[in-house]
Each structure stands twice: as C-alpha cells, then as structure tokens.
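Here's the letter readout for the chains.
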Amino acid sequence: MIDTSPPERDDAPVRLHHHGRVLADVVPYLRCPICADDLAVEGTALRCPAGHTFDIAKQGYANLLTGKAHLGTADTPEMVAARADFLGGGHFAPLAELVAERAAALDPGEGCVLDAGAGTGHYLAAVLDRLPGRPGVALDISKHALRRAARAHPRIGALAWDVWRPLPVRTGAVGVLIDVFAPRSGAEFHRVLRPDGALIVVTPAPHHLGELVERLGLLSVDERKADRVADSVGERFAPAGAWSLDFPLSLTHADAASLVTMGPSARHTEPEILRARIAALAEPVKVTAAFEVRAFDVRPES
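Predicted, not measured: the structure shown is a model, and the values here were computed from it.

Trainee: Outline the pairing of strand 6 (residues 136-140), listing residues and values.
Mentor: Taking burial as the measure, the five residues of strand 6 include five buried ones, the bulk of the element. Here strand 6 shows a buried face lined by G136, A138 and D140 and a second buried face lined by V137 and L139. Bridge count for strand 5 (residues 112-116) against strand 6 is four bridges, and the pairing is parallel. By the bridge assignment, A116 is partnered in strand 6 with L139. Handedness of the β-α-β unit built from strand 5, helix 4 (residues 122-130) and strand 6 comes out right-handed. Pairing between strand 6 and strand 7 (residues 156-160): five bridges, direction parallel. For A138, the partnering residue across the bridge sits in strand 7 and is A158. Tracing the backbone out of strand 6, into helix 5 (residues 143-149) and back to the parallel element strand 7 gives a crossover that is right-handed.

Structure (structure tokens):
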C-alpha cells in the first residue's frame, strides 16, 4: 500500500541491504547509461562489465547521472516535503486510483513498471499495489524526491536520472510506463516499452485549480496541453483511451500552501506573498482538481 504515515526526515538513514535487494530485482531491466551494457549490484554500487560504477546512496537510490544535468528543474526540498504532505493526506487519491486502474487494465503481464519523473513515488506505488510481484523503476532528477521514492513501496528501485536524456533502461523492458506531470520523450518511451506495452500520461486540465489561479497568481495550464501531449508522442503511439477526472477539494490554509508549494508556481512567486494571499482566503478553501489521463499503445516500427 501507499505509505501515508508521517514523512521521515530526508536525511533519515535507510538500511542499504534492503534497497540493495530491491535494486537487484530491478537491475535486469536497466542498462549502463554510458555504454548500454548490463548492470549489476556490487556492494554499495551498480557496475557494468566495462567498470562504469554508480553509487547507491545510503537513502536507497542509485545515482546514474554523469556529466551536466538539468538540475535547475529538480524539485527542491521544500517542494518535495510539500508534495509528501499533500499527497499523503489523500487529496489526490482519486487520481492515483484512476492511474492504477488503467495501468492494471492495460498491463501486458510482463516487464517492469517505469515512472519517468516519479517524484516521491506516490503514483508508482499505487500502480504496484495493483500489480503484485512486479518491480517498479522510479526515475527522477531530484535526490530529495528519490529519498522518498526509494521507500514509497517495497518493490521500487529509485534512480537519479535526467529524463530528457536517453533512458538507462533496456530496450523492450517495460510493460507499463507512467508519466505524471513530467517531460515526455516519445522516441525513448517507444524504445523501452514492450511491443504490447502501454503508456499512460497524466496532465492537468486547463481548469485545474482555476479558483486559485488569479487569486494566488499561479501559473495557468496551457489550453493546448492535450495537443502538446499528442505531439510529444508523435507517430510512435496510438491513442488507447482518454479519461477526464474532476473532483472538489476542501482545504485548510496549510493544505492550500502545500498544494501551491509542491508545484511549479512555487518557483514564480515569493513565499511571503503566497503565504499572505493564502491567509486571506476563506477557510475551508474550495477548489477543483482537474486532470486528463491518456493511454497509448505502442505502434510497430515502420
């Protein structure tokens, strides 16, 4: 089940031998990001036959990053803590349930489950609850998020990676790939998915949090978001279903602050200004959560 207990400190020690076992279960689906050869767990590292070595952090995730990465896009400790608080409160439970339901319905029965841009691992954990015994790979660039993803579910192997780069995953190794509010690479998603695999993409709907956008100065959702999703996967995937999900939220000021702080709007408004604007809202804060969930089948190579 998804862990809804109070979040641990980011620097809390995690038993490395447990996560070594999890990574050992996940590693057959991975490849070296430098030479694309196989990886294996050796002590406190992942290593390929050519000797490329990647450390496993004491918090349980492995760092595969090499060279320069887009660290400016990584979630900050404040964003990750806010997301853990908000999602742990069950506010987006209907979305997690829908993603897990669709993944279970479309699952080919083999391959790992990959979450590209997994954050705290919340949605991947929900999917793994519906797919007993299947390993899950969580990719994210934020070490703060990965510390939580590594302990979000017993079958998650968490890896530091920039999803704008070619993925450190073997060709055809993935049965279900979920992308929740994260960048999309149609070519790489197509490469790593099995021919009978499924891609599930979640984006906010244009009216998501509409009651708060103007009052709090939040970023609005692009009206062409659906078109952009279709464009990003291009001709490599065929639409396999689309589901709109709207539900009301009734939030405390603290909940509203976590909701705003966990997303991209937190980067664009001074914290003091946001706190003042939230404090001026009537409590409970009434707002609509709205999402678009789309599934895609893998098109054969032409």
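On we go from here.
Trainee: Report on the pattern of salt bridges, specifying residues and quantitative values.
Mentor: Enumeration over the complete set of coordinates arrives at nine salt bridges. Between R194 and E110 there is a salt bridge; the shortest N-O distance is 3.9 Å. Residue R194 is found in strand 9 (residues 193-204), and its partner E110 is found in the loop between helix 3 (93-106) and strand 5; the two are separated by 84 residues along the sequence. Taking relative accessible area as the criterion, E110 reaches 47% and is therefore assigned partly exposed. Residue R194 pairs with D196 through a salt bridge whose shortest N-O separation is 2.9 Å. Residue R194 is classed as buried on the basis of its relative accessible area of 18%. Here the salt bridges share partners, and the residues they tie into one network are E110, R194 and D196.

Trainee: Can you tell me about the state of the cysteines, naming the residues and giving the values?
Mentor: Per the counting criterion, the structure on display carries zero disulfides. C32 carries a free sulfur, and the closest cysteine sulfur to it, the one in C35, is 3.7 Å from it. When its relative accessible area of 1% is taken as the criterion, C32 is described as buried. The structure places no disulfide on C48, whose sulfur is separated from the nearest cysteine sulfur, that of C35, by 3.7 Å.

Trainee: With reference to specific residues and values, describe the layout of surface pockets.
Mentor: In this model, the largest pocket occupies a volume close to 1,400 Å³. Taken together, 49 residues make up the lining of the largest pocket; nearest its centre are R83, F181, A182, G263 and P264. Every element with two or more residues in the lining of the largest pocket is listed here: helix 2 (77-88), helix 4, strand 6, strand 9, helix 8 (225-233) and helix 9 (253-261). When its residues are assigned to classes, the lining of the largest pocket shows 26 nonpolar, 13 polar and ten charged.

Trainee: Report on the environment of T269, specifying residues and quantitative values.
Mentor: As for its placement among the helices and strands, T269 is situated in the loop between helix 9 and helix 10 (271-279). Overall, T269 belongs to the buried group, its relative accessible area being 13%. Residues T269 and G217 lie 52 residues apart in sequence; the distance between their C-alpha atoms is 7.5 Å. Sequence-distant contacts of T269, defined by excluding residues within four places in its chain, comprise G217, L274 and R277.

Calculation notes
Residues numbered from 1 in each chain as written. Predicted model: local features only at pLDDT ≥ 70, side-chain atom pairs only at ≥ 80, totals over all residues. Heavy atoms only, no water. Buried < 20%, exposed > 50% of the residue type's maximum accessible area, 1.4 Å probe, protein only. Helix = DSSP H or I, 4+ residues; strand = E, 2+ residues; numbered from the N terminus. Pairing = 2+ DSSP bridges. Right-handed = clockwise from strand over helix to strand, strands pointing away. Salt bridge = Lys/Arg side-chain N within 4 Å of Asp/Glu carboxyl O. Disulfide = S-S within 2.5 Å. 1 Å grid on protein atoms, 1.4 Å probe; cavity = no way out; pocket = protein on both sides within 12 Å on 5 of 7 lines; lining within 4 Å. Points joined across faces, edges and corners; volume = space filled by probe spheres on them. Nonpolar A, V, L, I, M, F, W, Y, C, P; charged D, E, K, R; others polar. Contact = heavy atoms within 4.5 Å.

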